[in-house]
Amino acid sequence: MTKILPNLKINPEELPHSVVVCGDPVRAKHISSLLTNGRLFAQNREYHSYIGHWKGKEVAVVSHGVGAPGAAVCFEELIQGGARTIIRVGTAGSYQKAVLPGSIVISTSAVRCDGLTSQLVPPGFPAVADRHVTESLRRAASSRNGEIAVHEGMTLTLDAFYSGVIEFPHGLYKKSGVLAVEMENSALYVISSLRGIKAGAILAIDGYADADLREEYNPHTDAVSNAIEAEAHIALDALVNIE
């Protein structure tokens, strides 16, 4: 008897080896609409799962919610179900003036400022994207003929979205060359390393990380929407070229 994945509610016999993940269930539904014969095949909590074909290859699209702990549950169960390549399609806040809202970042590694991974691995353990996935994302992005700015480099994973009374040292990481900050990459990279699968991430920049998000954050612009649409196509094209 097949064991259904407990939180995703996915039957592993239906799960393709190649998966795109994103935080927002609405975004997952939209990405699934790009697929040939895309359909919902499981839904529980924030985890909405779709299946279909992209350029002849069977792929899944699964939402993981916001933050590393809940996303880690998704990543672990996808791997238990047979996923061998996972690409995260997300959004992030820029740390660099040259990385403008509406541009894209291919994340090569993640600074582990989340709480989740410190409970999985020792402090010095790196959070690194698979080089084959990164290269495939790079090639897929370059094939779009420069229609959107694409950057590549380090990102940072942080649990806090809105600031509190403790000031996070954003400036330190800006000076260190980190391109952008988001909330799930380090979990994906650490878990994929531990479980022996390929993983990577591509991010649409929707603002600046050191802005006052309560006052200045507005991800609902045409430039950001175009970047999200572009990164979804890039991720799907990248999956096609990864064994």
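Conventions we followed
- Residues numbered from 1 in each chain as written.
- Predicted model: local features only at pLDDT ≥ 70, side-chain atom pairs only at ≥ 80, totals over all residues.
- Heavy atoms only, no water.
- Phe/Tyr/Trp six-rings, centres within 6.5 Å; stacked < 30°, edge-to-face > 60°.
- Buried < 20%, exposed > 50% of the residue type's maximum accessible area, 1.4 Å probe, protein only.
- Helix = DSSP H or I, 4+ residues; strand = E, 2+ residues; numbered from the N terminus.
- Pairing = 2+ DSSP bridges.
- Contact = heavy atoms within 4.5 Å.
- Axes fitted to C-alpha atoms, helices over the stretch in contact; angles between N-to-C directions.
- Parallel < 35°, antiparallel > 145°, perpendicular 65-115°, else oblique.
- Left-handed = near helix turned anticlockwise from the far one by under 90°.
- Nonpolar A, V, L, I, M, F, W, Y, C, P; charged D, E, K, R; others polar.

Novice: Help me understand the packing of aromatic side chains, please; the structure alone is not making it clear to me.
Specialist: Here a ring pair, both rings aromatic, is described through the centre-centre distance and the interplanar angle of the planes. Tallied over the full model, the rule gives two aromatic pairs. Judged by centre distance (5.7 Å) and plane angle (10°), the rings of Phe-168 and Tyr-173 are stacked. With relative accessibility at 23%, the residue Phe-168 sits in the partly exposed group.

Novice: Explain the pairing of strand 3 (residues 47-54) here, please?
Specialist: Both faces of the sheet carry side chains from a regular strand, because those side chains alternate between them. The buried count for strand 3 comes to seven of eight residues, which makes it a mostly enclosed element. Pairing of strand 2 (residues 36-44) with strand 3 involves six bridges; the strand directions are antiparallel. Its bridge partner lying in strand 3, Ala-42 is registered against Ser-49. Linkage of strand 2 to strand 3, two consecutive antiparallel strands, is achieved through a turn of two residues, within which Arg-45 is found at a positive phi near 50°. The pairing of strand 3 with strand 4 (residues 57-63) spans six bridges and is classified as antiparallel. Paired with Gly-52 across the two strands is Val-59, which belongs to strand 4.

Novice: Explain the environment of Cys-74 here, please?
Specialist: Within the fold, Cys-74 resides in helix 2 (residues 68-80). What makes Cys-74 buried here is its relative accessible area of 0%. Along the primary structure Cys-74 and Ser-63 are separated by eleven residues, whereas in three dimensions their C-alpha atoms are 8.2 Å apart. The residues touching Cys-74, leaving out its near neighbours within four places in the chain, are Leu-8, Tyr-47, Val-62, Ser-63 and His-64.

Novice: Help me understand the side chain of Glu-76, please; the structure alone is not making it clear to me.
Specialist: Of note, Glu-76 is situated in helix 2. Setting aside anything within four residues of it in sequence, one finds Glu-76 in contact with Ile-191 and Arg-195.

Novice: Looking at this structure, how should I read the packing of helix 3 (residues 131-142) against helix 7 (residues 222-240)?
Specialist: Any two packed helices are characterised by the angle at which their axes cross and by the distance between the axes. At a minimum axis separation of 8 Å, helix 3 and helix 7 run at an interaxial angle of 125°. Classified by the angle between their axes, helix 3 and helix 7 sit oblique to one another. Where helix 3 crosses over helix 7, the handedness of that crossing is right-handed. Across from Ser-136, Leu-137, Ala-140 and Ala-141 in helix 3, the residues of helix 7 making contact are Ile-234, Ala-235, Asp-237 and Ala-238. Classifying every residue of the contact of helix 3 with helix 7 by side-chain character gives six nonpolar, one polar and one charged.

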